[in-house]
Protein chains: 4
Amino acid sequence: MRQTRMPFDMSTMNFASDNWAGASDRVAAALVGAAGGHAPAYGNDPLSEGVTEALSRIFERRVAVFFVGTGTAANALSLAHVARPGGVVFCHRHAHIANDEAGAPEFLSGGSRLHSIEGTGARVTADGLAEAIALYPPHAVFHGQPAAVSISQLTEAGTAYSAAEIAALADVAHEAGLPLHMDGARFANALVGLGARPADITWRAGVDMLSFGGTKNGCFAAEAVIFFDPEKARGFEFQRKRAGHLFSKSRFVSAQFSAYLEDDHWLDLARHANATARRLADGIEQSPGAHLALQPDGNEVFAILPRAVDARLKAAGAVYYEWHAGNLAGEAVAPDELLVRLVTSFRTTDVEVDRFVGLLTQ
Amino acid sequence: MRQTRMPFDMSTMNFASDNWAGASDRVAAALVGAAGGHAPAYGNDPLSEGVTEALSRIFERRVAVFFVGTGTAANALSLAHVARPGGVVFCHRHAHIANDEAGAPEFLSGGSRLHSIEGTGARVTADGLAEAIALYPPHAVFHGQPAAVSISQLTEAGTAYSAAEIAALADVAHEAGLPLHMDGARFANALVGLGARPADITWRAGVDMLSFGGTKNGCFAAEAVIFFDPEKARGFEFQRKRAGHLFSKSRFVSAQFSAYLEDDHWLDLARHANATARRLADGIEQSPGAHLALQPDGNEVFAILPRAVDARLKAAGAVYYEWHAGNLAGEAVAPDELLVRLVTSFRTTDVEVDRFVGLLTQ
Amino acid sequence: MRQTRMPFDMSTMNFASDNWAGASDRVAAALVGAAGGHAPAYGNDPLSEGVTEALSRIFERRVAVFFVGTGTAANALSLAHVARPGGVVFCHRHAHIANDEAGAPEFLSGGSRLHSIEGTGARVTADGLAEAIALYPPHAVFHGQPAAVSISQLTEAGTAYSAAEIAALADVAHEAGLPLHMDGARFANALVGLGARPADITWRAGVDMLSFGGTKNGCFAAEAVIFFDPEKARGFEFQRKRAGHLFSKSRFVSAQFSAYLEDDHWLDLARHANATARRLADGIEQSPGAHLALQPDGNEVFAILPRAVDARLKAAGAVYYEWHAGNLAGEAVAPDELLVRLVTSFRTTDVEVDRFVGLLTQ
Amino acid sequence: MRQTRMPFDMSTMNFASDNWAGASDRVAAALVGAAGGHAPAYGNDPLSEGVTEALSRIFERRVAVFFVGTGTAANALSLAHVARPGGVVFCHRHAHIANDEAGAPEFLSGGSRLHSIEGTGARVTADGLAEAIALYPPHAVFHGQPAAVSISQLTEAGTAYSAAEIAALADVAHEAGLPLHMDGARFANALVGLGARPADITWRAGVDMLSFGGTKNGCFAAEAVIFFDPEKARGFEFQRKRAGHLFSKSRFVSAQFSAYLEDDHWLDLARHANATARRLADGIEQSPGAHLALQPDGNEVFAILPRAVDARLKAAGAVYYEWHAGNLAGEAVAPDELLVRLVTSFRTTDVEVDRFVGLLTQ
């Protein structure tokens, strides 16, 4: 999704993005704790292996885990791993991979193309996916060769796919011989929002590869590509290395993930972010002028504000991005209104939410 | 250079690599300090701008700085930035880009090829470079189009180029219309080893782009591509983003670099590493059986050990890599000897050096 | 545009595509004439130089000409030549480059993406283009970097851009710093259809690069990339060679082009194709049940046929492709109708057109 | 191999290259014969299918055949088809793919690298290959991942591999899990030179993919990639299309190949070229001053000429390229001598050979 430029403001009521928050105390402390001594480079250290074990427990099966530095790298390298000549990746028209990664999926996969699919709430439907795939009959060399399906959980509209919706998409994808990738930059928020088990909204529903994001939920820079069938990960380490995404001091990622996953810390962080988003959404719903464009499933609230309210909030120091109206296929935006995105994080306080809501109703 | 596989060992006398050390206390503390609050994502924060200012002071001119996560990314993206169709990059046969980056320079630059040049001590000479370039006459479309020259400082043999040597190479490169890139994964060690000013061994000598490494010298993961002419950096931000190397919480790199550069901390760290390397080299030179393959200019010591001594050191827990004999064109290696690489770091202690040296002479 | 599979039929009334026709007698004879003797390879022969001269005369300025083997190569290499990291190429949603080249533009340009623009008759409008470009503000690294605009002449709907329309598009493109590429696979048909001078619908209107197609209009395999500013062609020869598109016996292309361009042979061929298309279109317009979806500007007729008529034509041996209804934003297609594409060529006879038209009215 | 620039000269005694000759009468006539009528585009025509059948008969098994326009495309697309991330292709240091294709193999395979192997007569030995592969242990992600082995038949030194030599190389390649590709730009000359059956020096000896060249031996532009196991060709059609190498009027290639393969025409053409090469070689051997650098196995003669003789030949209008001394590891070249390459073709006459030889002895 496209964002208008905004002046940077360090004040509170900062709902610009969850990637504006720093790191949780436990994550930061873990990094310091990992600073000492020597450890083998390139992920061959015990800490890194421990993260794979933790994720295998969380996902209830042995998974293959590859750390990378950014969500864009996780997405693009996943798709590059399953790329085919003339490859076509099916995704929603508002998917992050299609709009916000500067062509990384295309570049790192050697020239794949993204086939955009419409769908309300930034969700692809099984029917929409089947229709899109049908445009590429197996022998029609001209149009290109289907290669993968990618969905986002949370979506770019802050909504979540249910396990059943994912399973329906996976069926269509697998029927066509395509792996299903999930961009989980906000996977924890979706998980907590759905109240689901990690396995149920991933491999049990047919997800083959997951970009498992920690950065937006309390880490500095901790992303991983997870393969639910480790056999299918063969060669991925070369993919990662030749894209420059193998960290030598890999422990700086594993330390973050260790603290992140320990004692359900990641879920606590996401629960906090989601709860403040809910509080914010409730306040908006109950306000006289503002209203929700969509019901949030996680930590992103899309709201429609009267322009006067927007001006008042900005003047008071609130920070958030205007969003392109119409992108969400939600409520209509009147000429004297604005569609805005408000993102909460592990760091968001009830105090700043309440202050924001108070300003709505002045 | 090629390394044989080794069992991992966490004991002291760890000379495996400077990327086995964690992070310096100041760097680790800075990360914790940067964990709080909100900051604009993607490098638009004051901390990131401060690093550019610090580097501009250090290099005595306004530079353009781009953080990336790994040295491989820094090198490959630099070269991708100046790539040409059928592009040829000239480098030493033992260059890191040619041997240890899994084809990242080729991949990220869209299929460039590396033309390897011989040279003692892993150094390219101006004559060697001129000869190599001459193999690609301007209109010989078949052979490919020269695109760049890349040298390493320190080299893969632990040697440093003098300012005069660099200037001679830059003259040859520029004469042919080629930018000069420097892989500075161990730039601080070279700088301290030469006792030079940063500007004198970079842009004043004709270097156009520098991979400025912090990781091997006390950071967790802090690398930067520096353009000495910011005009020539145009478009690099797209290059970086589409390779997945733009960190959202960019402050996690800028915090490291801030602490790293402040109060000459980076130079202190490198001085320490170099001093322990010198102490180690002296010990080896004075030992009865072992000897140096090359005089070290930084923190890498290439030594030739009798196999019996090697066995004794290993048994005592020393960790280091065997190196391919002959790679360095230094002293000859006898059948009952081994060429090994010993790397010191900011973390190396005199105690472990002395223990290692003591074992040589038993 | 997407085509349904059809049984191959070698009968007359063949309107499948102009690339089903062989070569004109003059072109075939020229090839035989060029078979003897020795000539320098790789385009350094007098015959190849003669083609550049002929094209320079035709376009009323000195042009740079590069032969390639296919229209896809011409388009993709043109766009690769002006590619940028994260590059975005603007084109119509039905453009050949977007639908029928299996991702060649993306692949050969190192991962560019195509931004599709809607527009009736497969034509991009200046407003539509300006709106699309505005989605990529210069510093928004996430969305990608605009790199080029590509239009087709004839379009995929068989329509032509007027000189004024092209100039308006070029203004928008150049304002944004983007070169304008024209896919001229059916350039001769457009030229003749418009009754224009070659210069007026290319460089004088702002076109920077032209894929100049000969294959569909009477050659076996003769395509060229033309740069109207030869300075801007610098390095293209490496682009072509590294994609495997430099023919050693280049004369086999130059011989075709020589005969093709001599004595206005190419215009005669196109005039013939267009005239038979017009005759076909007139017949359809005057028929009781069939009607035109769009008025043709060249040699492609999009018609809407009652399904009963379609069956009758097929039974009589007519060959043509069904087209996706709605693609053309022309006349509506009823459930008992089909949208079809009928392509004429230099080889089409009035006899077969009349036979086809006769079958419409039975 | 590298060539010095030479003035173009259209005189007889033209030994510049077999790609300076035009096309054989039968090939040219076949093209004219195929110019009429309509045929399905993109290789779905009976003529194209006939070529696959002819090649299947010739190779004594069902093969998959893909036409492309150039030898560079055939080689690069073959290697791209088996590319892996960080992929390494093993070939001789003088291989055409390594020196004369402007990086096409690297580019089209998404950044593979070529590992050059030394060997006399431009031949790789099984031991040399095994040694090179051993430099890439399976888990050493840094060095890259072996992907393929490529040999040339004829080699760049005009020598041929025997069936036994090929089988030994194939054993080493397959042991390492690598497919064996053969660059057969001069396959017919090698075949005739060895007096072998096509199957015996290809798939029976372990060759997996063959670049089957017709261009240098009497065609205008006819090259094919042959897969000896059609199952392994899956997806290649997308590879070819996205590189722009699928011809629409595919019959222009199939017509050439039809005539080329019919009645052993291709073998007759090669026999003629080889015989004139042998005549030339014999003349050189018996001359007082000139001598052979290597015994030719096909239609390329590498000779060492006194400079005075060279001047005399040039003055008389002979055309040939000087070759880099030392490339062939054959006879030494004295300071007053030149190493030159003399290539014969289907078009070379005994008269011009004898005139050339006569000039040697004046």
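Residues numbered from 1 in each chain as written. Chains lettered and ligands numbered in written order. Predicted model: local features only at pLDDT ≥ 70, side-chain atom pairs only at ≥ 80, totals over all residues. Heavy atoms only, no water.

Chain A is annotated in an unreviewed UniProt entry as L-threonine aldolase of Kaistia dalseonensis. Its UniProt record gives chain A the following Function (unreviewed entry) comment, quoted word for word: "Catalyzes the cleavage of L-allo-threonine and L-threonine to glycine and acetaldehyde." On record in UniProt, under Cofactor (unreviewed entry), the comment for chain A is "pyridoxal 5'-phosphate". (UniProt positions renumbered as here; feature names shortened; annotations may be inferred.)

Help me out: how do you make sense of the sheet that holds strand 4 (residues 145–152) of chain D in this one?
Backbone-to-backbone hydrogen bonds join strands into a sheet, with any given pair of strands oriented parallel or antiparallel. Residues and elements named next belong to chain D. Ordered by their spatial adjacency, 7 strands build an open sheet running 1-7-6-5-4-2-3, and the pairing between neighbours is mixed. The open sheet is flanked by strand 1 (64–68) and strand 3 (113–117), the only strands paired with a single partner. Strand-to-strand twist across the sheet, computed as the mean angle between neighbouring axes with direction ignored, equals 25°. Bridging between strand 1 and strand 7 (residues 223–227) involves 5 bridges; their strand directions are antiparallel. Paired with V68 across the two strands is E223, which belongs to strand 7. Against the sheet, helix 6 (residues 126–134) makes contact with strand 2 (87–92), strand 3 and strand 4, and its axis sits at roughly 135° relative to strand 3, the strand it touches most. On the sheet, helix 10 (residues 251–261) packs against strand 1, strand 6 (209–213) and strand 7 and is oriented at approximately 85° with respect to strand 6. (Pairing = 2+ DSSP bridges. Helix = DSSP H or I, 4+ residues; strand = E, 2+ residues; numbered from the N terminus. Axes fitted to C-alpha atoms, helices over the stretch in contact; angles between N-to-C directions. Contact = heavy atoms within 4.5 Å.)

How do you make sense of the UniProt feature "domain: Aromatic amino acid beta-eliminating lyase/threonine aldolase" (unreviewed entry) in chain A when you look at a structure like this?
The feature "domain: Aromatic amino acid beta-eliminating lyase/threonine aldolase" (unreviewed entry), as annotated in UniProt, sits at residues 15–302 of chain A in this numbering. Between the end C-alpha atoms of residues 15–302 of chain A the distance is 11 Å, and the span holds 39% helix and 15% strand.

Could you clarify how one ought to interpret the pairing of strand 1 (residues 64–68) of chain A in this entry?
Regular strands show a simple pattern: their side chains alternate between the two faces of the sheet. Most of strand 1 of chain A is tucked away: 5 of the 5 residues are buried. Where burial is concerned, the two faces of strand 1 of chain A agree: the one with A64, F66 and V68 of chain A and the one with V65 and F67 of chain A are both buried. (Buried < 20%, exposed > 50% of the residue type's maximum accessible area, 1.4 Å probe, protein only.)

Just checking my understanding: could you explain the relation of the copies chain D and chain C for this structure?
Here the two chain copies are tied together by a rotation about an axis and a shift along that axis. With an axial shift of 0.0 Å and an RMSD of 0.0 Å, the rotation relating chain D to chain C amounts to 180°. What the rotation and shift describe, once combined, is the action of a two-fold rotation axis. (Least-squares fit on C-alpha atoms with pLDDT ≥ 70 in both.)

Just to check I follow, could you spell out the packing of aromatic side chains for this structure?
Given two aromatic rings, their pairing is described by the distance between the two centres and the angle made by the two planes. With the rule as written, the count across this model stands at 76 aromatic pairs over all chains. Measuring from centroid to centroid gives 5.6 Å for F90 of chain B and Y136 of chain B, while their planes differ by 80°, and the two rings are edge-to-face. Note that F90 of chain B is positioned in strand 2 (residues 87–92) and Y136 of chain B in the loop between helix 6 (126–134) and strand 4 (145–152), a separation of 46 residues in sequence. For F90 of chain B, a relative accessible area of 0% gives the class buried. Here the aromatic rings of F227 of chain B and F236 of chain B are separated by 5.2 Å at their centres, their planes lie at 65°, and the arrangement is edge-to-face. F236 of chain B carries the same exposure label as F227 of chain B, and that label is buried. It is R242 of chain C that lies over the ring of F107 of chain D; its NZ or CZ is 3.7 Å from the centre. (Phe/Tyr/Trp six-rings, centres within 6.5 Å; stacked < 30°, edge-to-face > 60°. Lys NZ or Arg CZ within 6 Å of the ring centre and 35° of its normal.)

Just to check I follow, could you spell out the interface of chain D and chain C for this structure?
Interfaces are often described in size by the accessible area the parts lose on coming together. If you look at the interface, chain D gives 52 residues, while chain C gives 53 residues. Counting the surface lost from both chain D and chain C, the interface buries some 4,600 Å², and carbon and sulfur atoms represent 64% of this. The largest contributions to the chain D side of the interface with chain C come from H38, F107 and K249 of chain D, which together make up 19% of the buried area. In this assembly, chain D and chain C are joined by 0 salt bridges. Taken together, the connections running from chain D to chain C amount to 29 residue pairs in polar contact (both at pLDDT 80 or more). Within the side of chain D that touches chain C, the residues separate by chemical class into 27 nonpolar, 17 polar and 8 charged. (Buried area = accessible area lost by both parts, 1.4 Å probe. Salt bridge = Lys/Arg side-chain N within 4 Å of Asp/Glu carboxyl O. Polar contact = N/O pair within 3.5 Å; in protein donor to acceptor, adjacent residues only side chain to side chain. Nonpolar A, V, L, I, M, F, W, Y, C, P; charged D, E, K, R; others polar.)

Which parts of the structure should I look at to understand the domain arrangement of chain A?
Residues and elements named next belong to chain A. Taken domain by domain, chain A comprises domain 1 (25–263) and domain 2 (266–360). Each side of the interface is counted separately: domain 1 has 26 residues, and domain 2 has 22 residues. When the two sides are added together, the surface that domain 1 and domain 2 hide from each other amounts to roughly 1,900 Å², 55% of it contributed by carbon and sulfur. In terms of surface lost to domain 2, no three residues of domain 1 exceed R186, N189 and V192, which account for 24% of the buried area on that side. Here domain 1 is connected to domain 2 by 2 salt bridges. The closest approach of N and O atoms between R123 and D297, which form a salt bridge, is 3.9 Å. Between domain 1 and domain 2 we count 7 residue pairs in polar contact (both at pLDDT 80 or more) in total. When contributions to the side of domain 1 that touches domain 2 are tallied by element, the ones reaching two or more residues are helix 8 (187–194) and helix 10 (251–261). By residue number, the principal contributor to the side of domain 1 that touches domain 2 is helix 8, which donates 6 residues. Its residues placed into classes, the side of domain 1 that touches domain 2 shows 12 nonpolar, 10 polar and 4 charged. (Domains from an automatic or database assignment.)

Would you mind showing me how to read the relation of the copies chain A and chain D here?
For the match of chain A to chain D, the screw axis carries a shift of 0.0 Å, the RMSD comes to 0.0 Å, and the turn is 180°. Comparing contact sets, 100% of the residues at the interface of chain A also lie at the interface in chain D, consistent with an isologous, same-surface contact.

Could you clarify how one ought to interpret the interface of chain A and chain D in this entry?
Taken residue by residue, the interface counts 18 residues in chain A and 18 residues in chain D. Carbon and sulfur atoms supply 71% of the area buried between chain A and chain D, which totals about 1,600 Å² over both sides. If you look at where chain A meets chain D, you find 0 salt bridges. Counting across the chain A and chain D interface gives 2 residue pairs in polar contact (both at pLDDT 80 or more). Take the side of chain A that touches chain D: its biggest share by element is 5 residues, from helix 9 (residues 236–242) of chain A. For the side of chain A that touches chain D, the per-class residue count stands at 8 nonpolar, 6 polar and 4 charged.

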